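# Summary of the model geometry
So you can see what is in the structure, the chains are spelled out below.
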Amino acid sequence: MIYVVGSSFNSLAAANAFVNKGLDVTILDVGKKSSFQNKQIIKDLLKKNDIYKVIKFINGISRKNAKNYPKIKMNKTNFGSHFYREKLINDIVEQQEETETSLSYALGGFSNIWGAACLPILKEEMKSWPIKYEDLSEHFDEVSKLLNVNGENDDLNNFFNFKNYQGYEHGLSSQSKGLLKQLNLKREDLKKSGIYFGRSKLAINNSNNGYKGCVECGLCFHGCPHDLIFNTIDLFNDFIKNKKINYIPNIKVKSFDELNNEVTIYAENLEINKMVEFKGKYLFLGSGSISTMKILMDTLKIKKNITLASKDQYVAPIYLKFKSKLDYKQNYNTLSEIFIEVKDNEICESNVHIQIYPFSDIVLSFLPFFKKFFSKYFNFIFSRLMIAQILIPSKFSSLINVSLSEKNFLILKSQKNKISGEIIKKVFKKINQTKSLSFSILNRLMIMLSTGGSQHLGSSFKMSTKPTESDTDIYGRPSGFKNVHVIDSTILPSLPTATIVFASMSNSLRIAKAVISKILSEKN
């Protein structure tokens, strides 16, 4: 029996590999579900073609729980619900000091609310990793297919050695069309300056995997009413319906043990409020960076402080240097529309990743200063404003120091990295002084997200060729275990600068396939 813990991206990658080989796999998951009572109301409101009435309805629901969740993320919900995200203080975390990390017990985890951005890790980012770049890259195509990554052939494909699985079936906002047109006119000059760009690579369902195309309703950050943003729930539900997996909900794994090639999993059954045990041959742990870290600390009885890597994120408006049209009704996909990579050794040794978003109500939530101009000067101001999300490599970002309280709960404390601030200043300077770029960053209006607020977290039990008690081996196995494998970002030696999901899923797939080979060889 193979047990997989969790139902988000990395658990899906492993479970899908086992299902494809006809192996017996059981998913243990808390599996919270949203009632989605608001979904039909939202669909009915959309028929009236008034996006702001829909958003007002959603935000009204969201504000009811405003005190329990990070302020910066309050406007990003799943139809007004926060079911996918636990409160800042919960059954694992007792205290957060200058951090805003979240964990998810939902069926599908954070795939219920993610931004669908997908890019692999760069080869140069893996120089200090204990595995080769090729060990991951051989799984890129399979992960791209699984996520149904939409993209087009551009310089980003060459920069990341990346192949899209599917072309786009949705259009761009007028702002992004104009910006891409201007950038393409100076494409070669920008490459010489170390600036690469292209349309965002997004995990979007479309006709390729049995869905209708995007209707461009503008609700991407509030939950897609048509289920077009990739969510692991869809594939897990298909597995359950067709009896390809055994799914057990209401199970919160606490720790595990291994004796004589048998793994024992200790968990709480939330339905009956009792501790239960599961026994099997293999355990694959993909509960998410916070939950997995706590399970490992409890199992290995680690009392010393450990560190959790994060990626500092900055949000700032950009000003377009050309005339642009604006659809104030948001009749377009409001996810990231343009990716930009800045590769300049004078800034830092790694690339800096930038995601460009079109105007939306989410832009207003980040830029409260502009709200008073919303109606009177709407087109004058907002037609030339977009928003940039800038990600700093984890090596130069804040760390989260993790310690245990007397009650054995986590205490999370931010450890700022001054280099991050120096890098963002250099990025702003390069962008604003590059004449061939058709926009500038309004850096005085920049916001830095709280440490951990992006949920780009991991690297607390890194893979190593010589693992200590707080490391894992190259197959994600904790010290002293042969048949337990950690498969999420917890074990990544560093966090990819662009997006984490793609690299982490590739690593999960690598580990799962290694175990599959072992199982099949033993059968023969």
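To keep things clear, this report deals only with the structure shown in the data block. (Residues numbered from 1 in each chain as written. Predicted model: local features only at pLDDT ≥ 70, side-chain atom pairs only at ≥ 80, totals over all residues. Heavy atoms only, no water.)

## Comments concerning the sheet that holds strand β17 (residues 399-404)
Strand order in the open sheet formed by five strands is β3-β18-β17-β12-β21, and the pairing between neighbours is mixed. A single partner strand is all that each edge strand has here, and the edge strands are β3 (93-97) and β21 (457-458). Note that β17 and strand β18 (residues 410-415) share six bridges and pair antiparallel. Among the inter-strand pairings, Ser403 is bridged to a residue of β18, identified as Ile411. (Pairing = 2+ DSSP bridges. Helix = DSSP H or I, 4+ residues; strand = E, 2+ residues; numbered from the N terminus.)

## Quick look at the nonpolar core
Membership of the largest hydrophobic core comes to 106 residues, with the highest contact counts inside it found for Phe18, Leu147 and Leu410. A per-element tally of this core places helix α14 (residues 501-523) first, with 10 residues. When sequence neighbours within four positions are dropped, the list of residues in contact with Leu410 reads Ile92, Val93, Glu94, Gln95, Ile290, Met293, Lys294, Met297, Val402, Ser403 and Leu404. By size, the runner-up hydrophobic cluster in this structure holds 33 residues, among which are Leu320, Ile340, Ile356 and Phe396. (Core = buried A, V, L, I, M, F, W, Y, C linked by side-chain atoms within 4.5 Å. Buried < 20%, exposed > 50% of the residue type's maximum accessible area, 1.4 Å probe, protein only. Contact = heavy atoms within 4.5 Å.)

## Section: the state of the cysteines
Across all of its chains, the model carries zero disulfides by this definition. Left without a disulfide partner, Cys214 is nearest to the cysteine sulfur of Cys220, which lies 5.9 Å away. You can see Cys217 has no disulfide; the closest cysteine sulfur is in Cys224, sitting 6.0 Å from it. (Disulfide = S-S within 2.5 Å.)

## Some remarks on the side chain of Asp29
With respect to the element layout, Asp29 can be found in the loop between β2 (25-28) and α2 (37-46). No salt bridge is formed by the buried Asp29. Its closest oppositely charged neighbour is Lys33, at 8.9 Å. Not counting chain neighbours up to four residues away, the residues in contact with Asp29 comprise Gly6, Ser7, Ala106, Leu107, Tyr247, Ile248, Pro249, Asn250 and Ile251. (Lys, Arg positive; Asp, Glu negative; His and termini not counted. Salt bridge = Lys/Arg side-chain N within 4 Å of Asp/Glu carboxyl O.)

Scope: geometric values only; no functional claims are made or implied.
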